[in-house]
Amino acid sequence: MCGIAGFLGPGAPRVVYELLLELQHRGHEAAGIAYLLGSRFALEGGKGLVYEAIGVHRLPASAGLAVGHVRYSTSGPYGRLYQPLIVDAGGVYLAVAFNGNIVNYRSVAREHLGGLRLDWDAWVLAALLARLYGEEGSLADATRRLYEVLRGSFALVAASSRGELLAARDPHGIRPLAYSLGDGYAAVASETAALEALGFKPRELGRSMMLYCDPSGHCSVEQAAPPAEQKTCIFEYIYFARPDSVIDGVEVYRARVEMGRRLARIDDVTPDIVAPVPDSGRAAASGYALEKGRPLLEVLYPSRFRGRAFILPPGVRVERVAKKYGILRSAVRGSRIALVDDSIVRGSTASRIVALLRGNGAREIHFRSASPPIVCPCMLGIDFPRPSELVARGRSVEEIRRIIGSDTLLYNTVENVRAAVGIGVCDACFTCRYPRLVERYVSEFTRD
Ligand code: SF4
């Protein structure tokens, strides 16, 4: 998963920088901004958070076109790569950034790029766009042809040294993408909340939709290819996106609260208190507590500055989970606690928190997952592609409970989370049924 942003208008690099700060939750590994200076792109970026990777004082106020990216790697090696990528499209340069996974990138490299040995899907996408641009002469026409070839999840932003800006979303709409158009500017961001934070009025790009601004600055939105069945990633609602974002017309916070409410309805246990696993378990926990009529108490206190454990590279992740929480002992001691998290992926966070609460005198711990068991790998942009990492795969709920160490364990149902979102979603990590256009390529996608 990653975040992308783009801006056409005065002060573009700094606007993109601000948008990336608002999208920081979508990637902590690396960040970059490409901005147009004369007829060339300059690139600013590297490892780390936005403010670590990009020297804001070096971003020129004069540049009028920029695209940017925050990286959470789901393809390519950890820690060494960042976007945007800059490619030569026959004398015109393109700056390209995307969020998602191109599941057929090896076939694309073989069949459309003369067997080029590229082992990262972002390189394949950028190289293909450059080739098509060379043949078509505009980002809009090149992107229309891109849809014929690429399979996977992609929310894409690109700019050309001729002054074009483009944003496009895959046919199933798996990853979110929003934009804003106004007097003399066009803004693009992965999530509506990022645009709103900067005062822009956001709109969403639908499935196979494309925003294109030509070199004169005229912008239009069009259907670039036939849309496929709506399959927005359900994990955007469960964990990934900001709660104040709206994705395909559904407010993320509202969906999370509804998941918690529906989970409470199938739960026989009535706890003394309901405690969220911060931060992403909070909204589901409040829905659960509302439905149960029990008090919602924050008993775990993470440092605000450590970042999200789930989207960190594996080695760093374990260490940070261990150090992450302080505890409110007075509320924990002697209590029967319903501990609500958004999901259980590897089980490492859950077992450490349960041990922490037990060590601080909790009487009973009832672990509640707002999502169903995750049993299949995601090849579409969330980093749990290795089946062996999924604690629920091949195990019964009782076996997982023993690993976690809680008194009881309850998962939400697939029907409940679908109903909580209320639109067509990809829920393949629970059902192993991938969206139609990608299913035959899923087995071909492996991470090097
Ligand atoms: S498999 Fe799961 S995480 Fe991946 S896109 Fe589908 S719903 Fe999202």
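Higher on the page you've got the structure.
Residues numbered from 1 in each chain as written. Predicted model: local features only at pLDDT ≥ 70, side-chain atom pairs only at ≥ 80, totals over all residues. Heavy atoms only, no water.

### With respect to the overall build of the chain
Next up, step 1: Looking only at helices and strands, one finds 15 helices and 23 strands in the chain.
Next up, step 2: Computed over the C-alpha atoms, the radius of gyration of the chain is 22 Å, within 12% of the 22 Å expected from 2.2 N^0.38 for a compact globule of 448 residues.
Next up, step 3: Residue burial in the chain is summarised as follows: out of 448 residues, 62% are buried.
Next up, step 4: Taking all contacts inside the chain whose residues are at least 6 apart in sequence as the whole, residues at least 24 apart take part in 69%.
Next up, step 5: For the chain, the accessible surface area stands at approximately 16,300 Å², while carbon and sulfur atoms represent 50% of it.
Next up, step 6: Here the chain carries 55 positive and 47 negative side-chain charges, and the mean point of each set is 5 Å from the other. (Helix = DSSP H or I, 4+ residues; strand = E, 2+ residues; numbered from the N terminus. Rg over C-alpha atoms; globule rule 2.2 N^0.38 Å. Buried < 20%, exposed > 50% of the residue type's maximum accessible area, 1.4 Å probe, protein only. Contact = heavy atoms within 4.5 Å. Areas by Shrake-Rupley, 256 points an atom, 1.4 Å probe, with all protein chains shown as cover. Lys, Arg positive; Asp, Glu negative; His and termini not counted. Charge placed at Lys NZ, Arg CZ, Asp CG, Glu CD.)

### Structural notes on the site of the ligand
Next up, step 1: Taken together, I174, R175, C233, I234, F235, C378, L380, I382, C426, D427, A428 and C429 form the complete shell of residues around the ligand.
Next up, step 2: The set of elements that each furnish at least two residues to the shell around the ligand consists of helix 7 (234-240) and helix 15 (428-431). (Near = heavy atom within 4 Å.)

### Brief notes about the nonpolar core
Among soluble globular proteins, nonpolar side chains are generally buried collectively.
Next up, step 1: Grouped together as the largest cluster of nonpolar side chains are 49 residues, with contacts concentrated most on F235, Y237, M259, L380 and F430.
Next up, step 2: Those elements that place two or more of their residues in this core are helix 7, helix 8 (252-265), helix 9 (282-292), strand 20 (336-341), helix 14 (414-421), strand 23 (425-426) and helix 15.
Next up, step 3: Looking at this core, the element that brings in the most residues is helix 7, giving six residues.
Next up, step 4: Both domain 1 (3-228) and domain 2 (254-437) contribute no fewer than three residues apiece to this core.
Next up, step 5: If we skip the residues at most four places from it in the chain, M259 touches Y237, I238, A370, N412, V417, A420 and V421.
Next up, step 6: If you look at the next biggest cluster of nonpolar residues, it comprises 40 residues, including V108, F154, A158 and Y212. (Core = buried A, V, L, I, M, F, W, Y, C linked by side-chain atoms within 4.5 Å. Domains from an automatic or database assignment.)

### Describing the pattern of salt bridges
Next up, step 1: Tallied over the entire structure, the rule returns 27 salt bridges.
Next up, step 2: Among the ionic pairs, R58 bridges to E44, the shortest N-O distance being 2.6 Å. Of this pair, R58 sits in the loop between helix 2 (50-53) and strand 4 (65-71) while E44 sits in strand 3 (residues 40-47); the two residues are 14 residues apart in sequence, bridging distant segments of the chain.
Next up, step 3: The partner of R162 in a salt bridge is E164, with the nearest N and O atoms 3.5 Å apart.
Next up, step 4: If you follow the salt bridges from partner to partner, you end up with R26, R175, E191 and E236 in one network. (Salt bridge = Lys/Arg side-chain N within 4 Å of Asp/Glu carboxyl O.)

### Let's talk about the pairing of strand 7 (residues 152-160)
Next up, step 1: In terms of burial, strand 7 is a largely internal element, nine of the nine residues being buried.
Next up, step 2: Across the two faces of strand 7 the burial is the same, with G152, F154, L156, A158 and S160 and S153, A155, V157 and A159 all buried.
Next up, step 3: Both strand 6 (residues 93-102) and strand 7 contribute to a ladder of nine bridges, which runs antiparallel. Counted as the bridge partner of N101 is S153 from strand 7. (Pairing = 2+ DSSP bridges.)

### Quick look at the packing of helix 8 against helix 14
Next up, step 1: At their nearest, the axes of helix 8 and helix 14 sit 8 Å apart, and the two run at 145° to each other. The chirality of how helix 8 crosses helix 14 is right-handed. On the side of helix 8, the interface is formed by R254, A255, E258, M259, R262 and L263, while helix 14 contributes N416, V417, A419, A420 and V421.
Next up, step 2: Of the residues in the contact of helix 8 with helix 14, the class split is seven nonpolar, one polar and three charged. (Axes fitted to C-alpha atoms, helices over the stretch in contact; angles between N-to-C directions. Left-handed = near helix turned anticlockwise from the far one by under 90°. Nonpolar A, V, L, I, M, F, W, Y, C, P; charged D, E, K, R; others polar.)

Don't take any of this as a statement about function, it's just geometry.
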